[in-house]
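An overview of the molecular structure
For reference, the chains in residue letters:
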Amino acid sequence: MTTVMYGTELANKMRSDLKDEVEALSRKNIQPGLAVIIVGDDYASKTYVRIKRNAAEKIGIYSKVVEFPEDLKEETLLDKINEFNEDENIHGILVQLPLPPQIDERKVLETIKPEKDVDGFHPINVGRLSNNQPGFIPCTPLGIEKMLGYYGVEVAGKHAVIVGRSNIVGKPIGQILLNNDATVTYCHSKTKNLKEMTKQADLLIVAVGQANTITDDMIKEGAVIVDVGNTYLESGKVVGDVAFDEVKEKASFITPVPKGVGPMTITMLLYNTVLSAKVRNSADK
Ligand code: GUN
């Protein structure tokens, strides 16, 4: 029997709990605030930002979206971030990636105050995760950790194989799983014989953005499969990185696309924003 792990189920439950927390904060005259900055006209980025804003407002988080043109000067962006860094009503700052080539992404991410870095991309938060210390954890990997916990998937002692080494998903999910006592292997575009690696996985996380990267001959019977892919086909259909129908037959647990990891990513952004407001509130006391 294969269990399909729907992120929608846990996301709905967590958003309802977060709404209660926001209400409790509002009784103390605190409203969590999220600033989202988007540069350029990329359709997918604009869609994500709209979804993030709607989700935030639905649970009572104040949200402020700033849209800049594609030819923006780096300095203008850094000034805006500094303004939000000093704004008492803003607890989380998110700069939607990717950024246009004239802007240095590292510099931008390092300008966001670590205590408002709800994406968990600032080197201080990256270092904290690496050291297994409290800090902001990037939203997609944090969502995966919560989903595995919700579905009762044991991580300790498992061989986790990660396909993809991005700063947003691959690297941090490896750190999280290592912190939870998994044995972790990273695979990427230069890995020789990917199939030899993926077949060893008790837990396989795939985050490369390429449909059908993982087929049923590449997995072990009973493996747990998490698919982070999100590719729009010309037909308008969204698919993941895993050939779901065939892989599902061999897996013990598997996430679908859509309705898998995606809804958890946005929920974790709300979670980190509420967490930031709570931490600030207790620091002010
Ligand atoms: N672009 C794609 N995913 C993300 C994300 O999680 N955060 C930000 N800021 N940009 C992204």
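Criteria and thresholds
- Residues numbered from 1 in each chain as written.
- Predicted model: local features only at pLDDT ≥ 70, side-chain atom pairs only at ≥ 80, totals over all residues.
- Heavy atoms only, no water.
- Near = heavy atom within 4 Å.
- Polar contact = N/O pair within 3.5 Å; in protein donor to acceptor, adjacent residues only side chain to side chain.
- Areas by Shrake-Rupley, 256 points an atom, 1.4 Å probe, with all protein chains shown as cover.
- Nonpolar A, V, L, I, M, F, W, Y, C, P; charged D, E, K, R; others polar.
- Pairing = 2+ DSSP bridges.
- Helix = DSSP H or I, 4+ residues; strand = E, 2+ residues; numbered from the N terminus.
- Contact = heavy atoms within 4.5 Å.
- Axes fitted to C-alpha atoms, helices over the stretch in contact; angles between N-to-C directions.
- Patch = residues over 30% accessible without salt bridge, like charges linked within 9 Å, V, L, I, M, F, W, Y side chains within 5 Å.
- Salt bridge = Lys/Arg side-chain N within 4 Å of Asp/Glu carboxyl O.
- Lys, Arg positive; Asp, Glu negative; His and termini not counted.
- Charge placed at Lys NZ, Arg CZ, Asp CG, Glu CD.
- Buried < 20%, exposed > 50% of the residue type's maximum accessible area, 1.4 Å probe, protein only.

It is worth spelling out the site of the ligand at this point. The ligand sits among Leu94, Val95, Gln96, Leu97, Asp119 and Phe121. A distance of 2.6 Å separates a nitrogen atom of the ligand from a polar atom in the side chain of Asp119. In isolation the ligand offers 280 Å² of accessible surface; the protein chains occlude 81% of this area. Residues that form the shell around the ligand fall into these classes: four nonpolar, one polar and one charged.

Read from one edge to the other, the open sheet built from six strands follows the order β1-β11-β8-β7-β5-β6, with strand pairing classed as parallel. Both outer strands of the open sheet, β1 (3-4) and β6 (183-187), are each paired with one neighbouring strand and no more. Here two bridges tie β1 to strand β11 (residues 253-254), and the two strands are oriented parallel to one another. Bridge pairing in β11 places Thr3 opposite Phe253. Its contacts with the sheet place helix α7 (residues 170-179) against β5 (159-163), β6 and β7 (203-206), and it is angled at close to 170 degrees to β6.

Within the open sheet, the three strands sit side by side as β3-β2-β4. Their pairing is parallel. Looking at which strands have only one partner, the edges of the open sheet turn out to be β3 (62-68) and β4 (92-95). Within this sheet the neighbouring strands show an average axis-to-axis angle of 15 degrees, counted without direction. As judged from the four bridges shared by strand β2 (residues 33-39) and β4, these two strands associate in the parallel manner. Counterpart to Ala35 in the pairing with β4 is Ile93. Its contacts with the sheet put helix α2 (residues 43-58) on β2, β3 and β4, and the angle it makes with β3 is roughly 160 degrees.

A cluster of basic residues, Arg106, Arg165, Lys171 and Lys190, forms a positive patch on the protein surface. Counting through the fold element by element, Lys171 comes out in helix α7.

Let's shift gears to the environment of Asp245. In this fold, Asp245 is placed in helix α9 (residues 244-248). In sequence terms Asp245 and Val279 are 34 residues apart; their C-alpha atoms lie 43 Å from each other.

Looking now at the pattern of salt bridges. Close approach of charged atoms allows side chains of opposite charge to pair. All chains considered together, the criterion is met by nine salt bridges. Measuring nitrogen to oxygen at the nearest pair gives 2.9 Å for the salt bridge that ties Lys107 to Glu74. Taken as a pair, Lys107 in helix α4 (residues 105-111) and Glu74 in helix α3 (residues 74-86) lie far apart in primary sequence, 33 residues in all. Relative accessible area serves as the criterion here: at 17%, Glu74 is assigned to the buried category. Ionic contacts of the salt-bridge type, sharing partners, join the residues Asp41, Lys46 and Glu67 into one network.

Bringing the pairing of strand β8 (residues 224-227) into the picture now. Residues Val224 and Val226 point to one face of β8 and Ile225 and Asp227 to the other, with burial holding for every one of them. Alignment of β7 against β8, held across four bridges, turns out to be parallel. By the bridge assignment, Val206 is partnered in β8 with Asp227. Two strands pair when backbone bridges link them, and β8 and β11 are joined in this way by two bridges, in the parallel orientation. Looking across to β11, one finds that Ile225 is bridged to Ile254.

When you line up the elements, Lys116 lands in the loop between α4 and α5 (123-130). One buried charge, Lys116, has no salt-bridge partner; the nearest side chain with opposite charge is Asp87, at 6.1 Å. Here Asp87 takes part through its backbone oxygen, which lies 2.9 Å from a polar atom of the side chain of Lys116. Discounting residues that sit within four places of it in the chain, Lys116 has contacts with Phe84, Asn85, Glu86, Asp87, Ile90, His91, Gly92, Ile93 and Phe136.

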